[in-house]
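Observations on chain architecture
What follows is each chain in one-letter form.
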Amino acid sequence: MSLTSSFYIKIEQQVSELLREAKITQAPVSVEHIAKTMGAAVVPYELGDEVSGVLVVEEHKGTIGYNSTHPKNRQRFTIAHELGHLVLHVNKNKPKELFVDKDFIVKWRYNKIYSPKEFQHEQEANAFAAALLMPKEFLINEMQKEKFSELTETRLIEELAKVFNVSIQAMTYRFADLNKFAYA
Ligand SMILES: [Zn+2]
């Protein structure tokens, strides 16, 4: 199962609007500020080893909890992922909803317990997180800078990961997705 190009176009538009509302014009994107603009609270939690983040939605207000022991870049991705659930997956007719995100490896191990729909939602939230933390326009702006012009692709991804406060792995995936969908 993979996401469609129309889904990518939709989230790129949603992200552009969120960035505009939050008046964020360059990297690194403050996920806390985006959450605040959306009226969602962000709090560190003791979540144990396996859970990276949670989203609770009650009476139309979202609260995101992230694992306080994880590295900073990981926390940023988790918060952006939960914002993805908030934008894409909250059923406004339900009085209360809870999303719990476990580590990827744990997730794969127990993959069988996820329905195809749940699994798709996780992929969608990850794609949203990537688009929010590494907006296409911001990437284009950075790549046009003189200091990056002579770098190999590997070095460029490493440098951009630093600028955007994301892992090298996240930046690599983002480029793969953009190559796949940018001109679809
Ligand atoms: Zn999730």
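The shown structure was predicted, so the numbers you read here are calculated from the model rather than taken from an experiment.

**Description of the environment of Ala35**
Tracing the backbone through its elements, the reader meets Ala35 in helix 2 (residues 31-37). Assessed through its relative accessible area of 0%, Ala35 is described here as buried. Linking Ala35 and Ile9, residues 26 residues apart in sequence, is a C-alpha distance of 21 Å. Setting aside anything within four residues of it in sequence, one finds Ala35 in contact with Ala40, Val42 and Leu83.

**Remarks on the coordination of the zinc ion**
Surrounding the zinc ion are the protein donor atoms His81 (NE2), His85 (NE2), Asp101 (OD), Asp101 (OD) and Glu122 (OE), at 2.0 to 2.6 Å. Motif for the zinc ion, donor spacing along one chain: H-x3-H-x15-D-x20-E. Within this pair, whereas Asp101 is found in strand 4 (residues 96-102), its partner Glu122 is found in helix 5 (residues 116-133), the two being separated by 21 residues in sequence. In this structure Asp101 comes out as buried when scored by relative accessible area, which is 2%. Assessed through its relative accessible area of 10%, Glu122 is described here as buried.

**A closer look at the environment of Asn91**
Note on placement: Asn91 falls in the loop between helix 3 (72-88) and strand 4. Assessed through its relative accessible area of 31%, Asn91 is described here as partly exposed.

**Some words on unusual backbone geometry**
With an omega of -5°, the peptide bond running from Ala27 to Pro28 counts as cis. Locating Pro28 in the fold gives a position in the loop between helix 1 (5-21) and helix 2. The phi dihedral of His60 is positive, around 65°, even though this residue is not glycine. Among the structural elements, His60 can be located in the loop between strand 2 (51-58) and strand 3 (61-67). Within the chain, Asn165 stands out as a residue other than glycine whose phi angle is a positive 55°. The topology assignment puts Asn165 in the loop between helix 7 (153-164) and helix 8 (168-181).

Here is what the cut-offs are and how they apply
- Residues numbered from 1 in each chain as written.
- Predicted model: local features only at pLDDT ≥ 70, side-chain atom pairs only at ≥ 80, totals over all residues.
- Heavy atoms only, no water.
- Helix = DSSP H or I, 4+ residues; strand = E, 2+ residues; numbered from the N terminus.
- Buried < 20%, exposed > 50% of the residue type's maximum accessible area, 1.4 Å probe, protein only.
- Contact = heavy atoms within 4.5 Å.
- Donors = N, O, S within 2.8 Å, 3.2 Å for Na, K, Ca; no water.

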